[in-house]
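# Summary of structural features
Here are the chains, one letter per residue:
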Amino acid sequence: MTDTSKSDHVVIEMPPLASAGEEDRGVLPPTTPAADIPWTTTEAPSRMERDEKFDMEMLQRTIGDTGRWAFGTIAVEAWVLNESTGKLVRPPMGLWVDPVLSRGSEANEAVLRLVDTERPDHVGPDPLAPGIGLPGVLWSDLARNASGARNMQNVVWRDLESLRVDPDQPYNLRLKLSLEAGIGLVAGVPYHFRNTRGLVLYMARKTADITKLKSKCNTDYLLSATDAIGSIVALSGRRRACLAERRKEREDVRRRLRLKMVAVVRIRGTLLKDGRDRVDQTGNDVPVILDHSGHASFVSGAKLGGIKYWRSIKGKFMMVLRKCKGANNEPPPPMGNFESIWTFCGVFVSLLMLLYFSDAIAKRNPQYSLVLGPFGALMTLQYGLTAAPASQPRNAVLGQVIALSIALGMTYTKLETNVRRSLGTALAISAMTRLGITHPPAGAAALIFTGGGYNWGHLGIMLAGNVLAIFSATVINDMNATRQYPTFWGFGYWYKHFGYRKRRIE
């Protein structure tokens, strides 16, 4: 450690991160200790810059080590959630890319556009709202299960190409360049440390052995590495805040002295006398505030608390205004002519089947028939947003069961009609979101059923109609080479989830 008794700067020596011979394997080059850099007074970086550099190098080293020793991983990227804006941001030095990617003639250009910040066509990591871009999509998927974000046991690898062609997502240039760089599979692992939340993206080639990527050894390593990366991200801000607080102590003393001097100069003698009389029994001074003209006045503790409360409300209001401006992302591109015609044919055939099915039921028993309103929304999901989670069979069937059961249960209450319909629909939608089976048509059906005039037989008919719609959507969508429906069935998810928890308890 260098002697700093005659200097205002705190100097921290950092050992070399790696030997120079390891550079070809993607290991970080050695760094010169901060004490050995011949800075002059004017050239020396600020304390804040040196603190940030120390944190960036620590994060870069951890991410680089993670990528080098994980099986099949060719890129690692860390993102953190900005609680004030609600967007995901990538911290500096939050990306590691295997140097092998830059050696291919085809992948070289795409990789350089992602990592070389000095290129004029560099594509930087813009802040992303949840659900937008690759990090936003994976963050939204992981956030649907609050317990999974804290106690994640598996790493889910997803196909990057399917995310790019998802019609529910806007065009993203970084996602396109990632595919051109040779990345084909991606997995997102969340972290949560001391109110710092985010996720780490692990990327692999399309040709990587998926069984080895999902092996228990590799999965445990990625989960532990995410904990290490997340802890460093959470530590960096708090470490700098601790250093800044210690450095601010002297500035605090100077500021308070300056305010008191201004108060003494500008305040009247009577106000000074009044201030001396208002010192409480414990000897604490009454707070002094200055108005725009520079005149001082004393405020009580209650008034000071009201000022802080008003500032908190103002901060919340300004945050809402910032979010109302949108996430500055481009809207998703429209479907092509062929896809639109395919959607038209699918919706026409499916609704025709449902209408004939409803007529057949009504002929046997005029009391029963399909409630057709929610099925219009179902057709929009199944043929317009085929890959969306709300369109999948698990959400369609289980969402209808939960929503209609709650709606029919509400009809047995003696609440006023409007209250009953609002309460029943709110309970149905919140239950679906909590169970991870959100389905918009089920919310519409709940609003209709809580109005009364329906019984449990209608629930069975609605389920039969949903099964028929799922069957037709599966056949028609899968006849198209560019569509995949369903993307998952997932009916055994709860059994696996709760079965695993039961085994852990035992």
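As the structure is a prediction and not an experimental result, all values here were calculated from the model. (Residues numbered from 1 in each chain as written. Predicted model: local features only at pLDDT ≥ 70, side-chain atom pairs only at ≥ 80, totals over all residues. Heavy atoms only, no water.)

## Let's talk about the pairing of strand S1 (residues 73-82)
Heads up, the condition is: A 1.4 Å probe rolled over the protein chains alone gives each residue an accessible area, and that area as a share of the maximum for its type sets the label: buried under 20%, exposed over 50%, partly exposed in between. Working definition: helices are DSSP H or I runs of at least four residues, strands are E runs of at least two. Numbering for both runs from the N terminus. Two strands qualify as a pair provided DSSP detects at least 2 bridges between them.
Burial within S1 is extensive, with nine of its ten residues counted as buried. Here three bridges tie S1 to strand S3 (residues 95-97), and the two strands are oriented antiparallel to one another. Each residue of the ladder has a partner; that of Glu-77, found in S3, is Leu-95. One ladder, built from three bridges, connects S1 with strand S2 (residues 87-89); its direction is antiparallel. Within S2, the position partnered with Val-80 by the bridge is Val-89. Between S1 and S2, which pair antiparallel one after the other, the connecting turn spans four residues, and Gly-86 there sits at a positive phi close to 75°.

## Some words on helix H1 (residues 47-69)
Rule in force here: What a helix should span is 1.5 Å times the count of its residues minus one.
Helix length check: H1 (23 residues) gives 34 Å between terminal C-alpha atoms against 33 Å at 1.5 Å per residue, within 8%. Along H1, the positions that sit buried rather than exposed are Arg-50, Asp-51, Asp-55, Glu-57, Leu-59, Thr-62, Ile-63, Gly-64, Thr-66, Gly-67 and Arg-68.

## Digging into the nonpolar core
The condition is simple: Buried residues of nine kinds, namely Ala, Val, Leu, Ile, Met, Phe, Trp, Tyr and Cys, make up a nonpolar core once their side-chain atoms join them within 4.5 Å. Note on contacts: a residue pair qualifies if any of its non-hydrogen atoms lie within 4.5 Å across the two residues.
Counting 32 residues, the largest nonpolar core has Phe-449 and Met-462 as the members making the most contacts within it. Residue assignment for this core shows that the elements contributing at least two residues are helix H11 (337-364), helix H12 (373-384), helix H13 (393-410), helix H14 (417-435), helix H15 (440-449) and helix H16 (456-478). The residues contacting Met-462, other than those within four sequence positions of it, are Leu-370, Val-371, Pro-374, Phe-375, Leu-404, Ala-445 and Phe-449. Among the nonpolar cores identified, the runner-up in size contains 28 residues, and Leu-81, Leu-88, Val-111 and Met-203 belong to it.

## Description of the confidence of the model for the chain
Basically, it comes down to this: A score from 0 to 100, pLDDT tells how confident the predictor is in each residue.
Per-residue confidence for the chain gives a mean pLDDT of 77; residues scoring 70 or more make up 77%. In this model residues 146-150 is a low-confidence stretch, pLDDT under 50, and it forms four contacts with partners more than four residues away in sequence or in other chains. pLDDT under 50 marks residues 292-296. Its contacts with residues more than four places away, or in other chains, come to twelve contacts.

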